[in-house]
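If you want the building blocks of each chain, they are given just below.
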Amino acid sequence: MNAVEDRALLQRFEPIIRYTRGERFFPMDVEPYVDACSLWLQRPHEEAVCLIPESDLTLEDLTQPPKPHDFDAITFLKFIEPLNIAELAAYEVKRVREGLTRSDSERMFRAGLGRLARVGYVSRFVDAIFSISLLARGRVPGDTAAAAAIAYERILARDGDYRYYGRVLRQEGWIVLQYWFFYAFNNWRSGFYGVNDHEADWEQICIYLYETEEDEVQPEWVAYASHDFSGDDLRRRWDDPEVEKVGEHPVIYASAGSHASYYAPGEYLTQIEISFLSPLVRITEHLKQVWRRSLRQVSEESIPPEQESNFNIFRVPFVDYARGDGRSIGPGQEQEWSEPILLNPVPTWAREYRGLWGLYARDPISGENAPAGPLYDRDGTLRRSWYDPLGWAGLDKVPPPAVALVRLQGHRSKIQEQRMDLLSEIAVKHRSLTGLGLELQAMHGKPHLKEAYFAASERVAALSDELAILRAEVGTLDALLEAFDTQATRLEAGKRAPLRFHISHAHHPATAAELRMRRAAELWAALSIGLMMVAFVALALFSREHLVGGLVVLLSLFIFVEAGFRGRLIRLISSVTTALAVVAALVLLFEFFWEMVVVIVLLAGGYLMLENLRELWS
Amino acid sequence: MRRPGVVIVLAVLLIIEAIIFGSVGFFVYQAAELVWAWRVPVIGVEFLARHVVGAVSGGLAVVALLTSFFFFRMHSNAWVVAVFVQGVALLVSLILYVGNAMNYVSERSIYGYLIYFVMLCGVFMVIYLNHSEVRLVFRVDKELPRGRRYAR
């Protein structure tokens, strides 16, 4: 494929992006961004050094970036300086005026149900720790978002472009269209109560096509990047009703500030895992499995697998507002895409520059540090979505539909060969076994052959076990071949696998039911942690001897009120009662262990007698 | 209204449980030898534990009896109230157990066994209330349509 064909293919399927009201940054060309940046070098335990100042830096300079010669040195671009007080005041006045006059309604963002009102106490405590940690770790200075917005608006006014970067590649029979979007700033934290702010943001989606027998290009899958997730849950089949399309253009709902991509509009409760809390996350996941599966606290039939919640109380909760009620960019929308810029062949600046595309905030969790370019992760290694876009979306195990039947038949032949080999081996071993059986018959009862007899018996037992295993393998292969035949029939008839069978945890927007009781729930969520701390101090001061008991009563009360606000009272009562029953059962077991053993044995004996007598009389 | 067998069984068990709670409450309330007292912190008022336990048991007996009636009628909230009753009973008995109530009664006396007996009833009822058929009848894992007071 040449550049003209690539560009045509990219434009044929180019996405439509719908933003949330209040979004200030949109996809742009990197060149004016780099022109407005300076290039810096940060060595550990030293001040950052400016290598190329803002007025001198161009995209050309990134084709031959300086090599730091130090494992821990980091090169980064710096887009802007924070505003001074006068500039910030002018900016805020302008925003307020815009809000009052409503001259530009797409700038008005109103938060929905607060994120803390959607989660429980432990999550709020974890969030409090995360928020406090912002004081200790590196972060983007507070006014940077405002300065970035002003700088970006200047660039947009001058160039007026909305651009994406496109890449076309062929991998394992698939044609992969990658759409990369560059944003000047990610203001999720300062603009939309999210996790982080950072200069520069690279986002992408992939569309996976295959060639039919008539040499037509047919889309089959799409995968939208969302934060650092990867795998099967990212992708949807092209004919999935959740993939909204306008003609052949998929619609993306970009979340405000973070620019993560979603299939449906709404507010998404998303979670961020902090590395030092990962062991607690694993433990709670395991306990949740036990609670649900073993104690059957949630009926498995009532919740489809892809809707089972992946929520964990030790991950920090945030809301991605992907409402789609703001600006739209794409074919037939209020704003159209300019000509895409191709990433194949890979531009030199993208290949050579491995540094960060914005400020290095020295955040050990990396949330506030700018990302690297489309090829690289922050540590300079290649991004998986770049070198393995199939594996990134879990498609490395899925053949294109045009070749699925052929591959299946090829694989079937291999299994058939395996089966024939096993049958040959079984035939040989069976002959040996029957020979040994005849030996045993001949040796039986002869004292002088006693040793040989017992040795042969052992060999017979071992060989018999081997044969049993081989025959079980053949049985499994027979069942597999039968399944292959059924699958081949389905493929020949043009039938397809269920739409969502590959998804284990689909990301869903919050439902209207979850957004009930807004104000009261929000007020409670905002006040509860602080109230709990005050109550704890009061207990410690005025009734120290009842501290533990009082704390238990206090927590129980708070949890009860919380459950009432969030419509989970029934589940709370059921869960707590079950937990109490488990504890009570353990107490009884501890106190009356031998009595229970006696009762169980007596009951078992009685049952056995009854069953045997029933059999006798029938 | 056609009632599944498990619902009738549970309703009867709740009546039996109400009788048990009522008897326990009456028995404990009258037991003069139980002199253990609870002191409300800060306020400083004292209550005899047997009065508190007796009152709670009596209250649970009334609620259990009413719940059994609503179980017969298959009212939508009967299940959660029944579970709540078991929860309170288990909680009180565990508090008495953990709070060293056993130190105030002679070793393995009738009062000690009452605590364990209530625990046993509670555990048994919780297991039975979580029976899949009961949960299905009362649609515990799904919401009833708006305005629907009865499970069937």
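So, a few notes on the structure that sits alongside this text. Residue positions are given per chain, counting from 1 as you read along its sequence in written order. Just so you know, chain letters begin at A and ligand numbers begin at 1, following the order they were written in. Residues qualify for local features only when their pLDDT is at least 70, as the model is predicted, and side-chain atom pairs are given and counted only at 80 or more; totals for whole chains, interfaces and linings, by contrast, use all residues. Note: side-chain values were computed over all heavy atoms of the structure, leaving out hydrogens and water.

## Re the packing of aromatic side chains
Residue and element names in this part refer to chain A.
Next up, step 1: Two rings from Phe, Tyr or Trp (for Trp, the six-membered ring) form a pair when their centres are within 6.5 Å of each other. A pair whose planes differ by under 30 degrees is stacked, one over 60 is edge-to-face, and the rest are tilted. On inspection of all chains with the given rule, the structure shows 33 aromatic pairs over all chains.
Next up, step 2: Geometrically, the ring pair formed by phenylalanine 25 and tyrosine 152 is tilted, given 5.7 Å between the ring centres and 50° between the ring planes. Here phenylalanine 25 is found in the loop between β1 (16–18) and α2 (30–35), whereas its partner tyrosine 152 is found in helix α5 (residues 144–159), with 127 residues between them in sequence.
Next up, step 3: The buried label goes to any residue with under 20% of its type's maximum accessible area, the exposed label to any with over 50%, and the partly exposed label to all in between, with areas taken from a 1.4 Å probe on protein chains only. Judged by its relative accessible area of 0%, phenylalanine 25 is buried.
Next up, step 4: Ring geometry for tryptophan 180 versus tryptophan 202: centroids 6.4 Å apart, planes at 75°, classification edge-to-face. Of this pair, tryptophan 180 sits in strand β6 (residues 174–187) while tryptophan 202 sits in strand β7 (residues 197–211), placing them 22 residues apart in sequence. Where helices and strands are cited, they refer to DSSP runs of H or I of at least four residues and of E of at least two residues respectively, numbered from the N terminus.

## A look at the sheet that holds strand β4 (residues 74–78) of chain A
Residues and elements named next belong to chain A.
Next up, step 1: For two strands to count as paired, DSSP must find a minimum of two bridges between them. Read from one edge of the open sheet, 3 strands run β3-β2-β4, paired in antiparallel fashion. Pairing within the sheet leaves two strands with one partner each, and these edge strands are β3 (49–52) and β4. Between one strand and the next, the sheet's axes are offset by a mean angle of 35°, whatever the strand orientation.
Next up, step 2: Two elements, strand β2 (residues 38–42) and β3, share 3 bridges in a ladder whose sense is antiparallel. Residue pairing across strands places leucine 41 opposite valine 49, the latter belonging to β3. For helices, the fitted line uses only the C-alpha atoms of the stretch in contact; every axis is such a line through C-alpha atoms, and the angle between N-to-C directions lies from 0 to 180 degrees.

## Re the pairing of strand β8 (residues 217–224) of chain A
Successive side chains on a regular strand alternate, one facing one side of the sheet and the next facing the other.
Residue and element names in this part refer to chain A.
Next up, step 1: Counted residue by residue, β8 has 7 buried out of 8 residues, so it is predominantly covered.
Next up, step 2: Pairing geometry for β7 and β8, over 7 bridges, is antiparallel. Along β8, the bridge assignment pairs leucine 209 with proline 219.
Next up, step 3: The turn joining β7 and β8, which pair antiparallel and follow one another in sequence, is formed by 5 residues; a positive phi near 60° is taken by aspartate 215.

## Topic: helix α12 (residues 450–492) of chain A
All names here are of chain A.
Next up, step 1: Helices are assigned an expected span. That span is 1.5 Å times one less than the residue count. Over its 43 residues, α12 extends 62 Å from the first C-alpha to the last, a length consistent with the 63 Å expected when each residue adds 1.5 Å.
Next up, step 2: Within α12, the full set of buried residues consists of Ala456, Val460, Leu463, Leu467, Leu470, Val474, Leu477, Leu481, Phe484 and Ala488.
Next up, step 3: Whether two residues touch is decided by their heavy atoms; if any such pair falls within 4.5 Å, the residues are in contact. Where α12 is buried, its residues touch α11 (401–443).
Next up, step 4: Backbone geometry just downstream of α12 places glycine 494 in the positive-phi region, at approximately 80°.

## A few points about the nonpolar core
Next up, step 1: As used in this record, nonpolar core signifies buried Ala, Val, Leu, Ile, Met, Phe, Trp, Tyr and Cys residues forming a set joined through side-chain atoms within 4.5 Å. The biggest cluster of nonpolar side chains holds 68 residues, and the ones touching the most others in it are Tyr33(A), Leu77(A), Leu177(A) and Trp357(A).
Next up, step 2: In contact with Leu177(A), not counting residues within four places along its chain, are Leu9(A), Leu10(A), Phe13(A), Arg167(A), Val168(A), Ile205(A), Cys206(A), Ile207(A) and Leu209(A).

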